[in-house]
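# A closer look at the structure
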Amino acid sequence: MTSFRAPFVWTPRQPIAEDWLTASRDLPARDDGKNRWFLFRTEVELDAVPAAAPTDITVDGRYILYVNGEEQGRGPVRCSPLAQRYDSHDIAPALRQGRNIVAVLIHTYGVDTAFYEGVRGLWRPVFGDGGLWVEGPVVDTRRQWRCTQTFAWAREVEQANHSLGFIEALDANLLPVGWTTPDFDDTGWDVARPLLAGGGGPESLYQGMTIRPFPILLPRGIPSLREIPVHAQNIRWVRGQRPRPDLPLHLRLYDEPLVPAPQDVAHRLEDLLRDEAASTVIRTIDGTDTAFTIDFGRIFSGHPCFEIEAKGGEVIEIACAERLPGEWTGPVDPDARIERRPYIGTDAHLCRYTARPGMQRFRRFEWCAIRYMHIVVRNAPAGVVIRRLGAIETHYPVEERGRFSCSDPVLTRLWAAGAYTLRQCMHDAWEDCPSREQRQWLGDVTVENLAAHAAFGSSASALTAKYLLQASESQRPDGLTQMFAPGDHGHNARLIPDWTLQWILCAADYWQLSGDLATIAQIWPSIRKALGWFERIAGPNGLVVDMPYWHFMDWAGLGRDHQALPLNAQLAGAFGAAATIACALEDRRAARIYAKRARTIANRLDADHWDERRGVWVDMVDPAGTQIGRTSQHGVAALALWGDAAPDRIARAFDWATDPERETVTPAPPVVPVGTPLDEEHGVVVANTFYSHFVNEALAKHGRGGTALHNIRRRYTPMIEAGSTTLWEAVTPWASLCHGFSASPTHFLSRHLLGVAPARPGFARARVMPDLFDLDFAAGVVPAGPGEISVDLRRRAAGFDAVIRAGSVPFDVVAPPGFALQSRRDRDGAAHVDFIRLKLSRGGNR
C-alpha cells in the first residue's frame, strides 16, 4: 500500500489489531499504557550538504528532534487529533557530508492533558497510542527507522495536577549514552513499522478500505517559541532535608522535614546567580540531604535546567512554584518553602534527575510557572559540582510594539504588568495561566486578544487565528464548542455555553483588529451552527431560560437562574457580532437575521428586567414574569454594551451599579472562596477581573471612562503596590498569580485613554479619540496594522492637547465625551490637536 504521504511509523512491539473491523466497533477502550517514552533513529548518507532541508514532523504525543546530537526543535503544537498539526524545521545547518543521524525522543501520554488530546475511536482501536511522521527532501518515514522503548523515565508517577503531564523522573544511567549521535550502535533496536491496516484492492473486504492514523495534517500556523536562558536573583535559604523514601515522589520533596544545614554541605552557592559557569559543590551526609531555595525575582514560564559534574547516582529534585506561603497575605517566613496547593491545582510541579558519571545536562521536558525553585540534592557524599542551574524561559515570540506611560506611576506599571502577564500565557496556544492549568479557555482569549494587540500588535495575530480555528474544530454535533480546546476537555464532560458566545465575540474583535477575513470565513459555518444551538434552546420570547451545563460568566455571584440578563445580553452581543461578520462576508440574509435577533433580545431584556423603583435592571426574571431582586455589574454592563436602551435608563443603572456603598464582592469558590453575601434589595454584585473588562468597556462606550479608570485603579492598585509584576486571576491572591484575562487594563489604557481604535478592519483607517481623564499627561504607541500610532497628551487649563503621529496610517480625530475639538494643525508629520472641555451634563465621565 503506497500513499502520496509518508506513513506514520511506530514500534512493532505494539500490536496492530489483525481483526481491524472488530477492533473499530464499540468495544472497551484500548490501553497501551500511560507515560511511555520512545527513542527513534534513522541514518542519512549525503554526498553534499544541501542549502536547505525543510523537514516536517509530528507525533502522537510530544517530541524532541535531534540531528547528529544537536537539538533541532520540540513539538508538536497542541491540536485536535482530527486536525493534527506538524512542525517544520530546516535541519540543513546540522547536517554533514557522509553519515548523519536523525533522532527523535517521543513521549506518549496515554491520557489527555491541557496540551495533548488523544483520538476517540477511529484508528486508535487498531493502532493504539503513538506514531511518528516525518516528511522532507532529506529524511522521511518511508525509509527505515529503528526504535526502542526507554525506561529511563519512571512511568509509575503521578501527573503534576489534574490537567498537566506526568512528573518527570529521569534516571540518566538508563538512557543510552550518545543515542542521538552517529557513533551510537542501534543494531539491537527494533525496526519501526508503518501504521497501516486493511487494504487488499477493490474486490477485497470492504473494497480494500485502508486505515491510516491522522488523515488530516496541517501546518502549525505559528512561529517557533522564543527561548532565553535565565538564572536566579538570590538564594533564600540552605537547609538539611531529612529523607523520607517511604513517601511517593509527588509528596516527598514537599513533606520531608527541614533541619539546620550541616557544615560545609554547600560551597560557592552564590556562583549560581551569575551567567558564567559556576563551581558550586553540594554534598550530603548520612541521613540528611541538602536543600536550598532560589528566587528568580519574577514569575515566568520556563524549563528548569542544570549542568553538573557527577560521580554517578546523585539525585537532584526540583520543585517550582509562583509563590511562597504568606507572600501576599502577610510576612513571609525566612524559612518558607514551596507547598502543594491541590485545592486549586498547583499540586506538584517537580522533576527528579538521577545522574550518571561525568558531565551532563538536564532540561525538564515540559515548561511550568517559575518564581521559586526548591532544589534537593541526595546521595552525594563525595559532592556534585553544579556548573549551571536555572531555567530556559519560553514564550510565544511577540514583538514589543506598544508602549504606555502617564503621570500616574501605578497605571504605567499596570500597563506593563498586563503585557508581561500575557507573554507568560502565550505558547503553542493562548493559556489561562502558566501555573495551574495551561489550558486554552475560550472565554479568556476574548480579553487576551484585545490586550495583546495593544502590547504586541499583529505579531500576536497568528496565535489568535489558531485559537479561532481550534475552537471551531472542537465543535460538537449540536453546535456548542468545548469550553477549552484542544486538550483534556473530556469530550463533553463539562461545557460552558457562554464561552461559545465569547468565541464569537472574539472572532469579531479579531476581524476588526487584523482584517484577516480568510480565517473568519473558515469558521463562519461553525459560528452559524453555534448560534443555532442557542436558537434551539430559546424560549418563546427568543431568550434562553435556565441554561444547561456550566453557566459561568465570571468568578462572581451574579444571577444565573431562569431568564438571566447577563447571559442573554451576551447572546445579543454574539448575534450582533455575527451580523457584523456576515456583512464582511457579504452574507446579507444572515446579517439581517442576526441583527434583528440581537435587537429583539436586547429590547425584551430591557422591558422584562427594568426595575423602575430602583432604577436598575435585575439579573433574573422567573417563568411567571416576576423579577428577582439580585443585581450585578455584569447584567447592567452587558445590556449597556450590547443593547440599545434609553440613555436615561443606562445612566440610572450605571449610577446604581457603580455606587461604592452598594458594591459587594460575593463568594465564588474555588477561585474566590470568601466574600460577602449580597443584600439583594440594596447591593450589587461586583465583577471580578474577567468581567470587569466588559463593565469598563460599557462605561467607556457611554461616556463614563473616568469611572472605568477608577474601577481599574481600585481592583489593580493593590496588586501593583504589593510588588506583583503579573496580574492575578482575581482581586485577591488566592488562585493564579499570573492570569491572561486579567490584562484588560493594557487594552483599556491604549484604546480609551490614548484613544486608538480601528475605524476600518485591519486599521485600513484608524480613529483616535484620546481622553486624559484625571491625568496630567500620558504618552504611548499603539500598533495599527503594519504601522503604529503614537499619542502624546498634555493637560492645559481649558482641556488638553494631543500630538498624534501615525506615519502612513490614515486616521480621524474625534473629541471624547465632554470635550470639543477646538483646533487641529498638521505639521512636521504630526497632528497637533487642542481639545476644550464642555460643560458637564449628568452622567458624564468626569
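Presented here is an overview of the structure given in this document.

Cut-off values and rules
- Residues numbered from 1 in each chain as written.
- Predicted model: local features only at pLDDT ≥ 70, side-chain atom pairs only at ≥ 80, totals over all residues.
- Heavy atoms only, no water.
- Helix = DSSP H or I, 4+ residues; strand = E, 2+ residues; numbered from the N terminus.
- Buried < 20%, exposed > 50% of the residue type's maximum accessible area, 1.4 Å probe, protein only.
- Contact = heavy atoms within 4.5 Å.
- 1 Å grid on protein atoms, 1.4 Å probe; cavity = no way out; pocket = protein on both sides within 12 Å on 5 of 7 lines; lining within 4 Å.
- Points joined across faces, edges and corners; volume = space filled by probe spheres on them.
- Nonpolar A, V, L, I, M, F, W, Y, C, P; charged D, E, K, R; others polar.
- Salt bridge = Lys/Arg side-chain N within 4 Å of Asp/Glu carboxyl O.

### Thoughts on the overall build of the chain
Looking only at helices and strands, the chain features 15 helices and 42 strands. Once the C-alpha set of the chain is aligned to its principal axes, its extents read approximately 85 × 80 × 60 Å. Looking at the chain as a whole, 61% of its 846 residues are labelled buried. Sequence separation of at least 24 residues holds for 74% of the intrachain contacts in the chain that already meet a minimum separation of 6.

### Concerning the layout of surface pockets
One number sums up the size of the largest pocket: a volume of about 1,200 Å³. In terms of lining residues, the largest pocket is bounded by 41 residues, among which Phe306, Gln360, Arg361, Phe362 and Arg363 are the most central. Counting only elements with at least two residues in the lining of the largest pocket, the list comes to strand 4 (62-67), strand 5 (70-75), strand 10 (168-171), strand 16 (226-230), strand 21 (289-310), strand 24 (358-363) and strand 26 (384-395). The element that contributes the greatest number of residues to the lining of the largest pocket is strand 26, accounting for six residues. Split by residue class, the lining of the largest pocket holds 21 nonpolar, six polar and 14 charged. Lining the second largest pocket are 34 residues, and of these Asp509, Leu641, Glu697, Lys701 and Arg751 sit closest to its centre. At the level of elements, helix 5 (442-456), helix 7 (497-514), helix 9 (565-584), helix 11 (633-642), helix 13 (689-701), helix 15 (744-753) and strand 35 (756-760) are the ones that each hand at least two residues to the lining of the second largest pocket. Looking at the lining of the second largest pocket, its residues break down into 16 nonpolar, 11 polar and seven charged.

### Examining the environment of Trp10
Examined against the element boundaries, Trp10 turns out to sit in strand 1 (residues 9-10). Relative accessible area serves as the criterion here: at 1%, Trp10 is assigned to the buried category. For Trp10 and Ala708, which are 698 residues apart along the polypeptide, the C-alpha to C-alpha distance reads 57 Å. The residues touching Trp10, leaving out its near neighbours within four places in the chain, are Arg36, Phe38, Phe40, Ile106, Thr108, Asp129, Gly130, Gly131, Leu132, Ala192, Arg193 and Leu195.

### Re the pattern of salt bridges
By the definition in use, this model includes 55 salt bridges. Here Asp587 and Arg528 are joined by a salt bridge, their closest N and O atoms 3.4 Å apart. With Asp587 in the loop between helix 9 and helix 10 (588-609) and Arg528 in helix 8 (residues 517-537), this pair connects stretches of sequence that are 59 residues apart. Under the relative-accessibility criterion, Arg528 is labelled partly exposed at 31%. Where Asp608 meets Arg604, a salt bridge forms, and the shortest distance between an N and an O atom there is 3.0 Å. Here Asp608 pairs with Arg604, and both are found in helix 10, just four residues apart, close to one helical turn.

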